[in-house]
Amino acid sequence: MTKLDSFSNIRERLLKGELKVFDLCKDLIEEIRSKNDFNIFLEIFETSALEKAKEVDKKVQEGSAGSLAGMIVSIKDNICYKGHTVSSSSHILESFESLFSSTVVDRLLAEDAIIIGRTNCDEFAMGSSNENSFFGPVKNPLNPAKTPGGSSGGAAASVAAGLCHIALGSDTGGSIRQPASFTGTIGLKPTYGRVSRHGLVAYSSSMDQIGPLGTDLRDIALVMEVISGGDEFDSTCSSRLVPKYSASLSTEKKKYKLAFLDSHLNHEGLSKEVKSRTEELINSLKEEGHEVEVEKFDLLDQLVPIYQVISTAEASSNLARYDGIHFGHRSKEATDLYTTYVKSRTEGFGKEVKRRIMLGTYVLSEGYYDAYFGKAQKVRRLVKDRTNEILDKFDFIISPTTPHTAFDLGAQTDDPIKMYLEDIFTVQANLAGIPSISLPLGESDHMPFGIQLMGKSFEEQELMSFSNYLINTAAFKSAAIQP
Ligand code: GLN
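Presented here is an overview of the structure given in this document. (Residues numbered from 1 in each chain as written. Predicted model: local features only at pLDDT ≥ 70, side-chain atom pairs only at ≥ 80, totals over all residues. Heavy atoms only, no water.)

## Looking at the state of the cysteines
Note the following rule: Here, two cysteine sulfur atoms that lie within 2.5 Å of each other are counted as a disulfide. Relative accessible area decides the class of each residue, using a 1.4 Å probe on protein chains only: under 20% of the type maximum gives buried, over 50% gives exposed, and in between gives partly exposed.
Applying the stated criterion across every chain, the model contains zero disulfides. Its sulfur unpaired, C25 is 11 Å from the next cysteine sulfur, which belongs to C164. On the basis of relative accessibility, which here comes to 0%, the residue C25 falls in the buried class. Sulfur of C121: no disulfide; nearest cysteine sulfur belongs to C80 and is 12 Å away.

## Some points on the site of the ligand
What counts here: The cutoff for a nearby residue is simple: one of its non-hydrogen atoms must lie within 4 Å of the molecule or strand. The definition of a polar contact used here is a pair of N or O atoms within 3.5 Å, where within protein one atom must be able to donate a hydrogen and the other to accept one, and adjacent residues in sequence count solely through side-chain atom pairs.
Close to the ligand lie 14 residues; T172, G173, S175, Y307 and R356 are nearest. In the model, a nitrogen atom of the ligand is placed 2.9 Å from a nitrogen or oxygen of the G127 main chain. One nitrogen or oxygen atom from the side chain of Y307 is found 2.7 Å from an oxygen atom belonging to the ligand.

## Notes on helix α9 (residues 272-287)
How we decide: Secondary structure is summarised from DSSP: a helix means a run of H or I of at least four residues, a strand means a run of E of at least two, and numbering begins at the N terminus for each. Multiplying 1.5 Å by the helix residue count minus one yields the expected span of that helix. The arc in question is the one traced by the directions running from the helix axis out to the C-beta atoms.
The terminal C-alpha atoms of α9, which comprises 16 residues, lie 22 Å apart, in line with the 22 Å expected from a rise of 1.5 Å per residue. Buried residues of α9: V274, R277, T278, L281, I282, S284 and L285, and no others. Each buried residue of α9 sits inside an arc of 165° when the element is viewed along its axis, so together they form one side. Every exposed residue of α9 that faces more than 90 degrees away from the buried side is listed here: K272 and E287. In the stretch just after α9, G289 is the one whose phi turns positive, near 100°.

## Details of helix α5 (residues 153-160)
Put simply, the rule is: We call two residues contacting when some pair of their heavy atoms lies within 4.5 Å.
In terms of residue burial, α5 counts as a mostly covered element, since eight of its eight residues are buried. Taken residue by residue, α5 has G153, G154, A155, A156, A157, S158, V159 and A160 as its buried positions. Among the structural elements, β1 (41-44), β2 (72-76), β3 (114-119), β4 (166-171), α6 (177-183) and β6 (209-214) are those in contact with the buried residues of α5. Once α5 ends, the next one or two residues include G162, with phi positive near 70°.

## A word on the packing of aromatic side chains
This is how it is decided: The criterion for an aromatic pair is that two Phe, Tyr or Trp rings (for Trp, the six-membered ring) have centres within 6.5 Å, with stacked assigned to planes under 30 degrees apart, edge-to-face to planes over 60 apart and tilted to the rest. Distance and angle both matter: a charge sits over a ring if NZ of Lys or CZ of Arg is within 6 Å of the ring centre and within 35 degrees of the ring normal.
Applying the stated rule across the entire model yields 17 aromatic pairs. An aromatic cluster of at least three residues, connected via ring pairs, comprises F96, F124, Y322, F327 and F349. The residue whose ring lies beneath R240 is F458, and the NZ or CZ to ring-centre distance is 4.1 Å. Over the face of the ring belonging to F394 we find K257, whose NZ or CZ atom lies 6.0 Å from the ring centre.

## Some words on the nonpolar core
How we decide: For the purposes of this section, nonpolar cores are sets of buried Ala, Val, Leu, Ile, Met, Phe, Trp, Tyr and Cys residues that join through side-chain atoms within 4.5 Å.
Counting 136 residues, the largest nonpolar core has L108, F124 and L168 as the members making the most contacts within it. Among the elements that take part in this core, helix α10 (residues 300-318) stands out by supplying nine residues, more than any other. The residues contacting L108, other than those within four sequence positions of it, are L68, V73, A113, I115, L168, V223, V226 and I227.

## Thoughts on the pairing of β6
Operational definition: Criterion used throughout: strands pair if DSSP finds at least two bridges between them.
For β6, the tally of buried residues reaches six of six residues, placing the bulk of the element in the interior. Alternating residues of β6 divide into Q209, G211 and L213 and I210, P212 and G214, and every residue in both groups is buried. Sheet topology places β4 next to β6; six bridges connect them, and they run antiparallel. Residue pairing for β6: I166 is matched across the bridge by G214. Summarising the sheet, strand β5 (residues 186-189) and β6 pair through two bridges and their orientation is antiparallel. Bridge pairing in β6 places G187 opposite L213.

Given below as structure tokens:
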């Protein structure tokens with residue numbers, strides 16, 4: 001779908017001044033407007049984007065431009081940008097203006113990227129289809145009857161529709177990788193603690209991570225280089241050295257060791273096409289001399305339940321701050337403190353967010369804490385230990401990203417359990433805190449689907465490097481649709 005050349009492809013022309021950042025930015029703003037029906041962007045930051053574009057053109061002339069000079073980036077509507085609205089696609093924050101910028105935005109701007117606008121998402125990043133947005137669903141640019149996935153549906157669609165080079169999304173249980181799979185794009189969820197969460201509207205703080213979606217791995221590597229690394233405003237963010245990711249993307253024929261998990265490929269919900277294409281890839285990797293072995297994994301059925309218990313518990317605490325007093329919407333019907341809380345929250349939150357707040361409050365409540373939250377924490381430890389045990393023996397774990405391709409809009413909205421099971425293959429990386437990427441592997445019925453790789457903690461470099469090798473192999477290229 002995308003006709004936009006990747007940033008890495010045009011970088012030289014930008015740096016020589018042959019292509020003006022201002023013109024590129026203006027064209028893309030037009031393009032975004034022309035695709036309004038897809039409901040991808042909630043707002044175009046026209047004034048600030050064009051102002052920045054002018055400034056970058058000047059810097060290019062002076063030879064002082066940053067490493068992302070001219071890269072056009074969209075941000076998910078849960079990432080703060082000072083002086084700009086951030087609503088988390090919720091009525092409760094509908095007109096809330098950020099008082100500060102997130103660390104990722106500050107770092108992108110410092111390297112002269114252009115933030116072109118904020119993208120639609122599921123309310124507070126809770127969902128798998130973007131249908132939980134107060135502002136309505138996003139349509140998949142590859143087929144408007146289908147969902148682009150969620151919760152970073154607008155982010156993935158903005159890239160797939162060729163409206164920006166990179167989209168920043170957030171991934172708590174798969175929200176970058178599942179939309180990437182549904183739109184034929186690349187999406188990376190970094191290791192927990194690789195990228196600062198400062199200025200990301202919190203959903204589930206022990207799993208939330210910001211990460212990039214794009215169509216070119218080189219662009220993703222460049223952005224990771226800029227947004228990763230320690231931050232005094234996020235104590236969970238690691239100050240480990242950030243490798244020069246963009247310089248280490250190889251197509252070198254190293255022999256890798258990969259595991260695939262029996263439970264994943266035998267999962268009953270896995271579509272025939274996704275399964276056979278994944279098996280084909282596994283076979284061709286073996287033929288190329290890589291070691292690919294099956295590993296037993298007994299915890300697949302526990303993954304979504306424990307993810308739901310932990311994430312809703314953390315969400316119920318994080319979302320307590322929206323009380324009609326500190327942030328956002330206050331009910332006009334409120335007459336005292338109690339009605340301010342109750343009516344503002346009742347009016348401000350959507351159905352799915354309310355469901356999760358109640359579920360989270362329940363699993364944390366006296367008498368149920370040990371049975372649900374405490375138990376889920378223990379099983380999370382088992383998942384983490386087992387995953388790391390496998391990764392001690394192998395370089396990567398390979399699996400489908402999603403059990404099937406994008407489903408029709410409206411098809412699953414009445415069945416929350418079915419919707420939760422969309423995350424079956426993605427939540428493991430969040431529970432274990434490890435990095436994971438989705439690459440467009442193939443298509444079924446003219447819709448794309450992805451292959452997921454999980455790597456060792458803080459080994460994004462190896463993960464991206466192997467991804468780069470993989471997408472350049474003949475076996476991969478032949479079946480992958482170009483977004
Ligand atoms: N789809 C998952 C959910 O509904 C993941 C969301 C996310 O990663 N933000 O919770």
